[in-house]
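These are the residues of each chain, in order.
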Amino acid sequence: MKIVVIQGPNLNMLGIREQHVYGPMKLEQIHAQMKDVATQHGVEIEFFQSNLEGEIVDKVQECYGEAQGIIINPAAYTHTSIAIRDAISAVSIPTIEVHISNIHRREEFRKTNMIAPVCASSIVGFGPFGYHLAMMGMLQIMSEVKAAQEAQQAAGAN
Ligand code: DQA
């Protein structure tokens, strides 16, 4: 079982950028915590960050047949990218969207969200803890999918 974590533009600047909005934690620290949770649950995890829309589309596509879950913070592309939305929709892999800040309480342009409608869930406004919540949610989704597949196989065998 594999989860791919995709981080969009400027998230490599966490710990430096607008600490009053995003806090002091660096991306590497967030990823280290997620890795610990994945290891505890015997799940493989891969991390990817890009400032380029097309590279994020490519990464989502690469998940097809490879990953059982995607956790994505598309950052500013959340509000603009039909291409990332279509990629998530195309691969049909359970996807959880994370936003460190509460995008609903910020500028008007952040209320437009291209990504949420193709995600299983959105987690916003919990700070970096949102990534931990996303891990918990994804582990739950993955175990439900696995149980459903096993039930289907058992039914087929009878
Ligand atoms: C963000 C919110 C976006 O509006 C913003 O462009 C980001 C980060 C968040 O995690 O709160 O870069 O996705």
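Basis of the calculations
- Throughout this description, residue numbers start from 1 for each chain and increase along the sequence as written.
- pLDDT decides what is reported in this predicted model: residues at 70 or higher carry local features, side-chain atom pairs at 80 or more are listed and counted, and totals for whole chains, interfaces and linings draw on all residues regardless.
- Side-chain measures here rest on the full set of heavy atoms in the structure, leaving out hydrogens and waters.
- Exposure categories follow from relative accessible area, calculated using a 1.4 Å probe and restricted to protein chains: below 20% of the type maximum is buried, above 50% is exposed, and the middle band is partly exposed.
- Secondary structure elements follow DSSP: runs of H or I no shorter than four residues count as helices, runs of E no shorter than two count as strands, and numbering proceeds from the N terminus.
- DSSP calls a pair of strands paired once it identifies at least 2 bridges connecting them.
- Think of the arc as the fan of directions from the helix axis to the C-beta atoms.
- By convention in these notes, a salt bridge is any Lys or Arg side-chain nitrogen within 4 Å of a carboxyl oxygen on Asp or Glu.
- Side-chain atoms within 4.5 Å are what join buried Ala, Val, Leu, Ile, Met, Phe, Trp, Tyr and Cys residues into a set we call a nonpolar core.
- Note on contacts: a residue pair qualifies if any of its non-hydrogen atoms lie within 4.5 Å across the two residues.
- Axis angles are defined between N-to-C directions and span 0 to 180 degrees, where every axis is a line fitted to C-alpha atoms and, for a helix, only to the segment in contact.
- Note on angle classes: values under 35 degrees are labelled roughly parallel, values over 145 roughly antiparallel, values of 65 to 115 roughly perpendicular, and the remainder oblique.
- What makes a crossing left-handed is the near helix being turned counterclockwise from the far one by less than a right angle; a clockwise turn instead makes it right-handed.
- The residue classification treats Ala, Val, Leu, Ile, Met, Phe, Trp, Tyr, Cys and Pro as nonpolar and Asp, Glu, Lys and Arg as charged. All others, Gly included, are polar.

Asker: It is not clear to me how the pairing of strand β3 (residues 69–73) should be interpreted in this structure. Could you clarify?
Answerer: Successive residues of a regular strand alternate their side chains across the two faces of the sheet. With five of five residues buried, β3 is to be regarded as a mostly interior element. As defined by bridge partners, strand β1 (residues 2–7) adjoins β3 across five bridges and the pair is classed as parallel. Within β3, the position partnered with Val4 by the bridge is Ile70. Both β3 and strand β4 (residues 95–99) contribute to a ladder of three bridges, which runs parallel. When the sheet's bridge partners are listed, Ile72 is paired in β4 with Glu97.

Asker: Help me understand helix α3 (residues 53–62), please; the structure alone is not making it clear to me.
Answerer: Listed as buried for α3 are Ile56, Val57, Lys59 and Val60. Looking down the long axis of α3, one finds its buried residues gathered within 160° of arc, a one-sided arrangement.

Asker: Any chance you could explain the pattern of salt bridges here in plain terms?
Answerer: Two side chains with opposite charge may pair up if their charged atoms get near one another. Per the counting criterion, the structure on display carries nine salt bridges. Put simply, Lys59 and Glu46 hold a salt bridge, and the shortest N to O gap is 2.5 Å. Taken together, the residues span a long stretch of sequence, with Lys59 in helix α3 and Glu46 in strand β2 (residues 44–49) at a distance of 13 residues. Given the relative accessible area of 24%, Glu46 is considered partly exposed. For the salt bridge of Arg106 with Glu107, the shortest nitrogen-to-oxygen distance reads 3.8 Å. Assessed through its relative accessible area of 19%, Arg106 is described here as buried.

Asker: How should I be thinking about the nonpolar core in this particular structure?
Answerer: Generally speaking, a soluble globular protein has its nonpolar side chains buried in company with each other. Core analysis: the largest hydrophobic core is formed by 25 residues, its most contacted members being Ile3, Leu14, Met34, Ile45, Ile71, Tyr131 and Met135. A total of six residues in this core trace back to one element, the largest contributor, which is helix α5 (residues 129–157). Once residues within four sequence positions are removed from consideration, Ile3 is found in contact with Val43, Glu44, Ile45, Glu46, Gly69, Ile71, Met135, Met138 and Met142. Counting residues in hydrophobic clusters, the runner-up holds 17 residues, among them Cys63, Tyr77, Ile84 and Val91.

Asker: Would you explain the packing of helix α2 (residues 27–40) against α5 in this entry?
Answerer: In a pair of packed helices, the angle between the axes and the distance between the axes together describe the arrangement. Following both chains from N to C, one finds α2 and α5 inclined at 25°, their axes separated by 10 Å at the closest point. When the axis of α2 is compared with that of α5, the two are roughly parallel. Considering only the axes of α2 and α5, their crossing is right-handed. For the pair α2 and α5, the contacting residues are Ile30, Met34, Val37 and Ala38 in the first and Tyr131, His132, Met135, Met136 and Leu139 in the second. Of the residues that constitute the contact of α2 with α5, the class distribution is eight nonpolar, one polar and no charged.

On their own, these measurements won't tell you what the molecule is for.
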